[in-house]
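What follows is each chain in one-letter form.
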Amino acid sequence: MTDDFTRSQTFEIPEGYVHLPWHRGFGRQVGPLFEKRDATGLTRAFKVEEHHTNGMMNAHGGMLMTFADMAWGGAVEKNEDTWWVTIRLMCDFLSGATLGSFVEGNGKVVGVAEDIVTVEGRIWTGEKLLMRGTGIFKLIPRREGMPGRG
């Protein structure tokens with residue numbers, strides 16, 4: 001992959017959002033990504049750019065699933081030291097997001113059994129629901145020597 005994706009994209013980020021500092025690995029390839037934390041919880045977002053699109057210039061379904069994983073998994077985070085892996089992700093595609101759309105997503109914990117957490121989530125742009133589904137995530141201990149986000 002090219003480093004073109006890591007160049008600073010310029011557009012106005014909606015109020016309350018901050019740029020996620022994921023500069024390595026897969027997060028770098030699918031970014032830039034954003035998040036906001038408020039009384040309602042954690043919401044993640046991205047702006048549909050050319051490298052996110054399919055042949056119809058809509059957000060590619062694989063990008064939406066990748067984003068759902070990150071947004072819904074975020075519902076299990078208590079802080080930056082909460083680590084998790086995805087066990088299962090089930091998604092219903094309901095609509096498309098065109099090039100330039102600001103896509104948001106979040107999840108809600110609906111079940112916990114020991115270190116396994118079930119989340120119901122949704123992805124939207126504006127008033128349009130793009131995807132809904134569930135994710136099952138396993139909380140894992142942070143390993144010493146593992147880098148943080150970045």
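Use the structure listed above.
Structural notes, computed from the coordinates. Every value quoted in this text rests on a predicted model; they were computed, and no experiment measured them.

Thresholds applied
Residues numbered from 1 in each chain as written. Predicted model: local features only at pLDDT ≥ 70, side-chain atom pairs only at ≥ 80, totals over all residues. Heavy atoms only, no water. Helix = DSSP H or I, 4+ residues; strand = E, 2+ residues; numbered from the N terminus. Buried < 20%, exposed > 50% of the residue type's maximum accessible area, 1.4 Å probe, protein only. Contact = heavy atoms within 4.5 Å. Core = buried A, V, L, I, M, F, W, Y, C linked by side-chain atoms within 4.5 Å. Salt bridge = Lys/Arg side-chain N within 4 Å of Asp/Glu carboxyl O. Polar contact = N/O pair within 3.5 Å; in protein donor to acceptor, adjacent residues only side chain to side chain. Pairing = 2+ DSSP bridges. Expected span 1.5 Å × (residues − 1).

Along the backbone of the chain there are two helices and seven strands. Ordered by position from N to C terminus, the α and β elements of the chain give β-α-β-β-α-β-β-β-β. For the chain, buried positions account for 38% of its 150 residues. A fraction of 58% describes how many contacts in the chain between residues 6 or more apart in sequence connect residues 24 or more apart.

Counting residues in hydrophobic clusters, the biggest one holds 25 residues, and the most contacted among them are Leu33, Phe46, Leu64, Trp72, Val103 and Ile123. No other element matches helix H2 (residues 61-73), which puts seven residues into this core. If sequence neighbours within four positions are ignored, leucine 64 has contacts with Phe46, Ala59, Phe93, Val103, Ile123, Leu130 and Met131.

On inspection of all chains with the given rule, the structure shows six salt bridges. Where arginine 37 meets glutamate 35, a salt bridge forms, and the shortest distance between an N and an O atom there is 3.3 Å. Judged by relative accessible area, which is 44%, arginine 37 ranks as partly exposed. With relative accessibility at 6%, the residue glutamate 35 sits in the buried group. The shortest N-O distance in the salt bridge between glutamate 35 and arginine 44 comes to 3.0 Å. For the pair shown, glutamate 35 and arginine 44 are each scored as buried. The network of salt bridges with shared partners includes Glu35, Arg37, Arg44 and Glu77.

For threonine 125, the location among the structural elements is in strand S6 (residues 116-125). At 2.9 Å, the side chain of threonine 125 forms a polar contact with the backbone oxygen of phenylalanine 102.

Turning next to the side chain of glutamate 35. Relative to the assigned elements, glutamate 35 resides in strand S2 (residues 34-38). A distance of 3.3 Å separates a polar atom in the side chain of glutamate 35 from a polar atom in the side chain of arginine 37.

Bringing the sheet that holds strand S4 (residues 83-93) into the picture now. Hydrogen bonds between backbone atoms are what pair the strands of a sheet, whose relative direction is either parallel or antiparallel. Reading across the sheet, the seven strands line up as S1-S2-S3-S5-S6-S7-S4 and stay open at both edges, with antiparallel pairing between neighbours. Of all strands in the sheet, those with a lone pairing partner are strand S1 (18-19) and S4, marking the two edges. As paired strands, strand S3 (residues 41-47) and strand S5 (residues 102-113) are joined by four bridges and run antiparallel to one another. Within S5, the residue paired with alanine 45 across the bridge is glutamate 104.

Our next topic: H2. Its 13 residues give H2 an end-to-end C-alpha distance of 18 Å, which sits within 8% of 18 Å, the value for a rise of 1.5 Å per residue. Within H2 the residues assigned to the buried category are Met63, Leu64, Thr66, Phe67, Ala68, Met70, Ala71, Trp72 and Gly73. Looking at the buried positions of H2, the neighbouring elements they touch are helix H1 (25-30), S3, S4, S5, S6 and strand S7 (128-140).

The analysis is restricted to geometry; functional conclusions fall outside its scope.
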